[in-house]
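# Coordinate inspection notes
Chain by chain, the residues run as shown.
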Amino acid sequence: MQLAILIAPCAAALALACAFFFSRKVLKMPEGEEVRGIAAVIRKGANAFLKRQYLVVAIFFAAMFAVLGILALVGFVGPFMPFAFVTGGVFSGLSGFLGMKIATAANGRTATACKDSLNKGLRAAFSAGSVMGLVVVGLGLCDLSIWYFVLKGFYGISETALTEAEFIATNMITFGMGASSMALFARVGGGIFTKAADVGADLVGKVEENIPEDDPRNPAVIADNVGDNVGDVAGMGADLYESYVGSILSAMALGVAAGLDFRGALLPLGIAAIGVFFSIVGTFFVRTKESADQKGLLRALRTGTWFAAIATAAASVLFLWLVVPEHMRLVAPVLLGLAAGVLIGLCTELFTSASYRPTQKLAASAESGAGPVIINGTALGMLSTVAPVLLIAAAVLGSYFLAGGGSDPAMGMFGIGIAAVGMLSTLGITLSTDAYGPVADNAGGIAQMAGMDEEVRRRTDALDSLGNTTAATGKGFAIGSAMLTALALLSSFYVQVNNLVKENGLDFTFSLEITNPVVLIGVFIGAMLPFLF
């Protein structure tokens, strides 16, 4: 156990080292004289937005630190809670900031790389996306490792008793609140900016002036490109950082509560670390041929993500056999989580890629005017929610009962928690494909504004079209994993409240029916039905 717990900090160090490697690789690429000025303006706008946003966030975190500090002084909360809250927010914001910095540096370089070949452009954009993905998982595991060793060292806890393991697991959950708060500001603030800028640019350009989407005569195009970076890179990075650490923390607490002592805390950390390693390996499988169409480009990204998922599944089975050989039934939830993540990605591709019939039919309806596109597009978006909801429902119920929830509810809830970790274990490469999208989108806009050759613009348009699909896939993945994580966090809260009730000798049991997976699945399916009909 003393050596096994080092797997998380080692994986964090490896992820951050590889992120540094990819960032240096991107920065060494030539930017090109014709695109340098446009790329610099986009960078300036993105930095200005984040500077303003983080100033507001800093005021909020300072106020929360003061409130939690007062509560800690009077003994209402633990002495580490104010610091845990702040570090959770800082690491979440830092992951988004670092990812955005390299994305804004890569957009012009991607456009220039497309002068040589489609594959070079793909590699440039995907390398920038890989920095985002690896920074999120690296900083997430780093944050988890730091707090684990701080709590363990400060309180002098040995790895022997269930109550001691429970103490560490429950205290570590506190910094998840800080990450969630930062994600709220970054995702909502950046998301609203990017959609407002995108619609504004389209209205003034396409509708009022009847000029192309990224025409250099439209100054709103710069705001549109800035929005892609602050919303879909910085915002998504902070959002998925919160989901990532939240899934691991809730699974740790549930594992300990299920009676697995420190092994319950080690399992989620180990599976996440395994996923980091194979995500790094998977990034080197992403490449394509010059003549590739949209299906070929999708296949290039899919090769990396599928390799990471399959290799992580196999290694996780071995890890479970080494740590909890008497609970090999936990293999099923891990595999279900991984499979659900991959299938949600495929469903999103089906509804958003130009290679498949739903999007092709929607494009054809544009021949009849704007009205049919709006109506059919809304209907298509509503219909696209059905398959992911059903997949998540199957993953939740399957994880609960296959982990033994029928006879041992605590183990069943741990099964759901470990399924969430399984789904997010390959976040390093999944988020890479998501962050690739805004970089490719910006590259297309820069190529248009710079008046580059038709062949370059054909290549950037192909990458941009693929990026729209991968960005949507990332959003679907984020929501799917958030549902599993939310259920695990609610269950962890339920367990801890009842422990406090028991410790204080009170004669009642706190009931939270929404933690019943069957009830929660019913809520989700019921909410989905109006969209279907």
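Up top you'll find the structure we're talking about.
Since the model is a prediction, treat every value here as computed from it, not as a measurement. (Residues numbered from 1 in each chain as written. Predicted model: local features only at pLDDT ≥ 70, side-chain atom pairs only at ≥ 80, totals over all residues. Heavy atoms only, no water.)

## Some remarks on the overall build of the protein
Helices and strands together make up the secondary structure of the protein, namely 16 helices and 0 strands. Taken against the 2.2 N^0.38 rule, which gives 24 Å for 533 residues, the C-alpha radius of gyration of the protein at 23 Å falls within 12% of a compact globule. Counting only C-alpha atoms, the protein reaches 75 × 45 × 40 Å along its principal axes. Residue burial in the protein is summarised as follows: out of 533 residues, 56% are buried. Considering only contacts in the protein between residues 6 or more positions apart, those separated by 24 or more positions represent 82%. With an accessible surface of roughly 21300 Å², the protein has 69% of that area assigned to carbon and sulfur atoms. The positive charge centre, built from 32 side chains, and the negative charge centre, built from 37, are 7 Å apart in the protein. (Helix = DSSP H or I, 4+ residues; strand = E, 2+ residues; numbered from the N terminus. Rg over C-alpha atoms; globule rule 2.2 N^0.38 Å. Buried < 20%, exposed > 50% of the residue type's maximum accessible area, 1.4 Å probe, protein only. Contact = heavy atoms within 4.5 Å. Areas by Shrake-Rupley, 256 points an atom, 1.4 Å probe, with all protein chains shown as cover. Lys, Arg positive; Asp, Glu negative; His and termini not counted. Charge placed at Lys NZ, Arg CZ, Asp CG, Glu CD.)

## Concerning the packing of helix H7 (residues 220–283) against helix H14 (residues 427–449)
Two elements in contact, H7 and H14, have axes whose closest approach is 8 Å; the angle formed by their N-to-C orientations is 175°. Between H7 and H14, the angle is such that the two are roughly antiparallel. Residue composition of the contact of H7 with H14, by class: 11 nonpolar, 7 polar and 4 charged. (Axes fitted to C-alpha atoms, helices over the stretch in contact; angles between N-to-C directions. Parallel < 35°, antiparallel > 145°, perpendicular 65-115°, else oblique. Nonpolar A, V, L, I, M, F, W, Y, C, P; charged D, E, K, R; others polar.)

## Remarks on the packing of aromatic side chains
Counted by the stated rule, this structure contains 11 aromatic pairs. Aromatic side chains Phe61 and Phe85 sit 5.2 Å apart centroid to centroid with 40° between the ring planes, which places their arrangement in the tilted category. Taken together, the residues span a long stretch of sequence, with Phe61 in helix H2 (residues 33–73) and Phe85 in helix H3 (residues 81–113) at a distance of 24 residues. For Phe85, a relative accessible area of 4% puts it in the buried group. The structure contains a cluster of three or more aromatic residues connected by ring pairs, namely Phe60, Phe61, Phe85 and Phe185. (Phe/Tyr/Trp six-rings, centres within 6.5 Å; stacked < 30°, edge-to-face > 60°.)

## Concerning helix H12 (residues 386–402)
The terminal C-alpha atoms of H12 lie 24 Å apart, and with 17 residues this matches the ideal 24 Å at 1.5 Å per residue to within 8%. Among the residues of H12, Val386, Pro388, Val389, Ile392, Ala393, Ala395, Val396, Gly398, Ser399 and Tyr400 are the ones counted as buried. Directly beyond the C-terminal end of H12, a positive phi value near 105° is found at Gly404. (Expected span 1.5 Å × (residues − 1).)

## Quick word on the side chain of Ser243
By secondary structure assignment, the location of Ser243 is in helix H7. Excluding residues that lie within four positions of it along the chain, Ser243 makes contacts with Leu424, Ala478, Ser481, Ala482 and Thr485.

## Quick notes on the nonpolar core
Grouped burial of nonpolar side chains is what soluble globular proteins tend to show. Grouped together as the largest cluster of nonpolar side chains are 132 residues, with contacts concentrated most on Leu141, Tyr244, Ile248, Leu267, Phe414, Leu427 and Tyr436. The greatest single-element share of this core, amounting to 30 residues, is contributed by H7. Residues within four places of Leu427 in sequence aside, it is in contact with Gly133, Val136, Val137, Leu240, Tyr244, Ser279, Ser432 and Phe477. In this structure, Val57, Leu68, Met81 and Ala186 belong to the second largest nonpolar core, which totals 9 residues. (Core = buried A, V, L, I, M, F, W, Y, C linked by side-chain atoms within 4.5 Å.)

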